[in-house]
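Close look at the chain arrangement
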Amino acid sequence: MSATSKPAIARTLESPRLHRVQQRHAIAVVVLSATGILLVVGFAVAGYPPGWAELANFAVFFIIAGLGISVGFHRMFTHCSFKAATPVRVALAVMGSMAMQGTLKFWVALHRRHHAHSDEPGDPHSPYVLENGTPLHGKLAGFWHSYMAWSFGHEVPNTAFYARDLIRDRIISRVNDLYFVWVAVGLAIPAAIGAMVHGGWIGAAQGLAWGGLIRIYAGHNMIWSITSLTHIFGQRDFATPDRSTNNLWLSVFTLGEAWHNNHHAFPSAAILQFRWYQLDISGWVVAVLEKTGLAWNVVRAGEYARFTNLNSDLPTSGARQP
Amino acid sequence: MSKQQQDDIENWLSDLIAEILEIPPSKVDRTKRFDRYGLDSVAAVSVTGMLGKHLGRDLDATAMYDYPTISTLSRYLAESMEAEGIKAESMEGAPQ
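These lines cover the structure that appears in this document, whether it is placed above or below. (Residues numbered from 1 in each chain as written. Chains lettered and ligands numbered in written order. Predicted model: local features only at pLDDT ≥ 70, side-chain atom pairs only at ≥ 80, totals over all residues. Heavy atoms only, no water.)

**Some remarks on the pattern of salt bridges**
Going through the model one piece at a time under the given rule, you end up with 12 salt bridges over all chains. A salt bridge links Lys3(B) to Asp7(B); the shortest N-O distance between them is 3.3 Å. Within this pair, Lys3(B) and its partner Asp7(B) are both found in helix H1 (residues 2–21), separated by 4 residues, close to a single helical turn. When its relative accessible area of 52% is taken as the criterion, Lys3(B) is described as exposed. Of the charged contacts, one joins Arg30(B) and Glu10(B) as a salt bridge, the two residues approaching to 3.0 Å between their closest N and O atoms. One end of the pair, Arg30(B), is in the loop between H1 and helix H2 (41–55); the other, Glu10(B), is in helix H1, and 20 residues separate them in sequence. Three or more residues joined by partner-sharing salt bridges are found here, namely Arg75(A), Glu257(A) and Asp280(A). (Salt bridge = Lys/Arg side-chain N within 4 Å of Asp/Glu carboxyl O. Helix = DSSP H or I, 4+ residues; strand = E, 2+ residues; numbered from the N terminus. Buried < 20%, exposed > 50% of the residue type's maximum accessible area, 1.4 Å probe, protein only.)

**A closer look at the nonpolar core**
Phe77(A), Phe82(A), Leu92(A), Leu104(A) and Leu166(A) are the most contacted members of the largest nonpolar core, which has 43 residues in total. If you list the elements that add at least two residues to this core, you get helix H2 (52–78), helix H3 (86–97), helix H4 (104–116), helix H5 (139–153), helix H8 (170–177), helix H10 (200–228) and helix H13 (281–291) of chain A. Excluding residues within four positions of it along the chain, Phe77(A) makes contact with Gly72(A), Arg89(A), Leu92(A), Ala93(A), Leu104(A), Val108(A), Arg112(A), Asp165(A), Leu166(A) and Ile172(A). Residues Ala160(A), Ile167(A), Val28(B) and Ala78(B) belong to the second largest nonpolar core, which totals 29 residues. (Core = buried A, V, L, I, M, F, W, Y, C linked by side-chain atoms within 4.5 Å. Contact = heavy atoms within 4.5 Å.)

**Some details on the packing of helix H9 (residues 179–198) of chain A against H10(A)**
Residue and element names in this part refer to chain A. With their axes 6 Å apart at the nearest point, H9 and H10 run at an angle of 140° to one another. Helix-helix and strand crossings are classified by hand; for H9 and H10 the assignment is right-handed. For the pair H9 and H10, the contacting residues are Gly186, Leu187, Pro190, Ala191, Gly194, Ala195 and His198 in the first and Gly200, Gly203, Ala204, Gln206, Gly207, Leu208, Gly211, Gly212, Leu213, Arg215 and Ile216 in the second. When its residues are assigned to classes, the contact of H9 with H10 shows 8 nonpolar, 9 polar and 1 charged. (Axes fitted to C-alpha atoms, helices over the stretch in contact; angles between N-to-C directions. Left-handed = near helix turned anticlockwise from the far one by under 90°. Nonpolar A, V, L, I, M, F, W, Y, C, P; charged D, E, K, R; others polar.)

Written out as structure tokens, the structure is:
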């Protein structure tokens, strides 16, 4: 009956079945992405190049799912960097699920594991070391592993260890369990919009390809850029123990997540715009939610982050919590 | 005999669920469905894996879907272990 008689709850699970599930999911992402590319090329060749409707469909759903991942999955659910009203939490969980990057609880568990072991053994996607501790010497091998190869064979992060706060959340658990429904909704709506704009099956297929499949592919490239490029190239304003970097050129495409060195220095900060030129679209969304009263307790990095010199030491207190 | 076994498993499971939810074990409702506790499929594999290790037997994660509460799963396990025990004893006692 005493807690001591029990083995500790594992951080990762040795489960061939769950490994297979993860692998199938990663393959499904590749197949859907390739289908999207083939459809788009096929349509262009057949005389249906993308028009404004297709590009708008893509942009709108990229932003919807991207904000779900960045504002929702990442800043709110993983790092608890702000609190929000239940409808906002549910909306962000649904929007993020549409990105098809795994269930919310899986995503949160994996990313908390990344922070616990950044660029060290145990990091699911470091350009410098495999999760099992094998160092990655080649630059190309490191890039390839941290870009997308990691998603095919990483350890299964245990949600019962890493995501207990979400397990306790009744409503969010229901949303989490309907993951495949949200993925399907994220494909069906753009297809329906395509059908309405152009009429017929060709319009629907174009909507599906641009607002759904290609959009999912782009969203994965956004996240893969962060797991790889923002640990390889760019500026290190803060001397964090990992090798995270800031990258202006990636900041718009990643909705602000490319200020990754800022993020690793202040993981619980909801807004990563420490200097005026550090564009952080996701941070602006959090600020708007706060202004309208839909979000509160927004954690900011504080004056230290704004006025610190390059390569300064880390603060020992303040916003720097996991 | 089986009742004692069932209680032991129930207490052990309640302690584990309480640890995951970070609530006191007394607050764990043993007749509530596991999915109502927010345990996703990964957490379910974690729980059945630990329970299997504790009992020294292979336990499939699907057990938590077939017997979806602490109380029904514990009863099933206690009964099946008792049945296996009787079988093992009778095998031992069987003439060569």
